[in-house]
Amino acid sequence: MDDSFADWAPEVNWQRRKQPLNLYLHTPFCHHRCAFCPFFQNTTKPGFSARYADHLICDLERKARWLGPTVAARRVSSVFFGGGTPSDMDAADLARVICKLRDLYPIDDDTEITVEGRIWGFTRDKAEAWREAGANRISIGLQSTNTKIRRSMGRLADRGQIRETLQNFVALGYVTIVDLIYGLPRQDVASVVEDVRFLAEETGIDGLDLYALKQFPGSPLAKAVEQGRMAAPADTHLRAEMFTAAAAELARHGFEHFTPQHWRRSERERSIYNQLAKTSADILPFGSSAGGRLSNVTISCHRLLDDYETAMDDGSLGARCTIQEPKPGQDFTDAVMSSIQRRMLPPLSEWPAHEDSSAIAENWRVAGLIGEPQADGIPLTQAGCFWFPRLQQLLAMLTAQSVGRAA
Ligand code: SF4
């Protein structure tokens, strides 16, 4: 159904006009590969930025034209420039992409427009140009603020550059968010706490994500550990200590524990895209490797850059569209993702009909992962937030089993 996007998408978009629409624009280029990362695709080369911006604009124009008048009927609640490293693009190039998308899609002052990036190469002139064009939120993958640990992971900027760059973003009025990873080789509890202290006291950030290190097989990090060139990452026990200590430091600096892995210092930080992306909300994708969906149709833009650019040049969609059969249990999955925004699980009455549901919930309560049930759900404790990815997996298994038995 790829070539018929113009036939099916307008009607679907119109039917769903009361629901939020989100746009995702992917930039599959990075200066170099970070040690822990499985997502690296293309190295930034001189001249890539203008050419890629042209293709993104072409993609924006084509989908808007094919969606026709239905585009105007559907407000865009969030836009996310992800990667890769969008901040590797030149100031003027990404600015013209932002301006074009504001011309073509119903974006207003309340639309969250995030640019993801890293400190290295995120110059003040870029931040100014993109703010002027309409971006209002920046998300930086920092991983650590310790210069030695950063450099062992392939991150180039030092602490002084982190401070200066983040302060610039804040001064320009961006909602400024950073990601930290805990469990990296050489990290200890004190260094994670120091990361939080430094960011809270010296940079003015609005929000912070704490992610446990995932060691992807085949990554430079995994190989270095296997070959004994790098210390092993922290074990689960140490990670739990790091998470607990970092959470306490965030609380000490007045951050609200917003979702299991995310904290914010003010309500300026809404995290709209990140929350909606975890549900079945509609996301229209643009750019090589971008993925999204409209209702039950997934849209996967061509992963290989050459294929995507050829499609943009020859006037086609540059994506594969696939109808997804409704997933049994999707309502419960959406309910989990919705309630988790309040650090709650859905009430037990909404859990899958499975004879083990009550016993599992009771085990989690005794283990200190969840609190006493309340009218609007079951609160996650801090330990429950640490274990949330695992709890989520178990709930998915429970759902699959109950659906399987009902079939
Ligand atoms: S900048 Fe981001 S996407 Fe690129 S290699 Fe590093 S972690 Fe991966």
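Residues numbered from 1 in each chain as written. Predicted model: local features only at pLDDT ≥ 70, side-chain atom pairs only at ≥ 80, totals over all residues. Heavy atoms only, no water.

Before going further, it helps to examine the site of the ligand. In the region of the ligand, the neighbouring residues are Cys30, His32, Arg33, Cys34, Phe36, Cys37, Gly84, Thr85, Arg118 and Arg155. Split by residue class, the shell around the ligand holds 4 nonpolar, 3 polar and 3 charged. (Near = heavy atom within 4 Å. Nonpolar A, V, L, I, M, F, W, Y, C, P; charged D, E, K, R; others polar.)

Now for the layout of surface pockets. Take a probe with the size of a water molecule and roll it over the atoms, and the empty space left behind shows itself. Empty space within the second largest pocket amounts to approximately 410 Å³. Taken together, 16 residues form the lining of the second largest pocket, with Ser280, Arg293, Gln324, Lys327 and Gln330 sitting closest to its centre. At 3 residues, the largest contribution of residues to the lining of the second largest pocket is made by helix 12 (residues 330-339). Here the residues of the lining of the second largest pocket sort into 2 nonpolar, 7 polar and 7 charged. (1 Å grid on protein atoms, 1.4 Å probe; cavity = no way out; pocket = protein on both sides within 12 Å on 5 of 7 lines; lining within 4 Å. Points joined across faces, edges and corners; volume = space filled by probe spheres on them. Helix = DSSP H or I, 4+ residues; strand = E, 2+ residues; numbered from the N terminus.)

Those residues of helix 1 (residues 5-15) that sit buried are Phe5, Trp8, Ala9, Pro10, Val12 and Asn13. Its buried side turned inward, helix 1 meets strand 1 (21-27), helix 2 (48-67), strand 11 (282-286), strand 12 (291-294), strand 13 (297-301) and strand 14 (319-323). (Buried < 20%, exposed > 50% of the residue type's maximum accessible area, 1.4 Å probe, protein only. Contact = heavy atoms within 4.5 Å.)

A few words now on the packing of helix 2 against helix 3 (residues 91-104). At a minimum axis separation of 9 Å, helix 2 and helix 3 run at an interaxial angle of 5 degrees. Taken together, the axis directions place helix 2 and helix 3 in an arrangement best described as roughly parallel. Counting all contacts with helix 2, which are made through Ser49, Ala50, Ala53, Asp54, Leu56, Ile57, Leu60, Glu61 and Ala64, the residues of helix 3 involved are Asp93, Arg96, Val97, Lys100, Leu101 and Leu104. The class makeup of the residues in the contact of helix 2 with helix 3 is 9 nonpolar, 1 polar and 5 charged. (Axes fitted to C-alpha atoms, helices over the stretch in contact; angles between N-to-C directions. Parallel < 35°, antiparallel > 145°, perpendicular 65-115°, else oblique.)

A few words now on the environment of aspartate 209. With respect to the helices and strands, the residue aspartate 209 is situated in strand 8 (residues 207-212). Non-local contacts of aspartate 209, meaning those with residues more than four positions away in its chain, are made with Ile177, Val178, Asp179, Leu180, Gln261 and His262. Side chain to side chain, aspartate 209 and histidine 262 meet in a polar contact 2.8 Å long. (Polar contact = N/O pair within 3.5 Å; in protein donor to acceptor, adjacent residues only side chain to side chain.)

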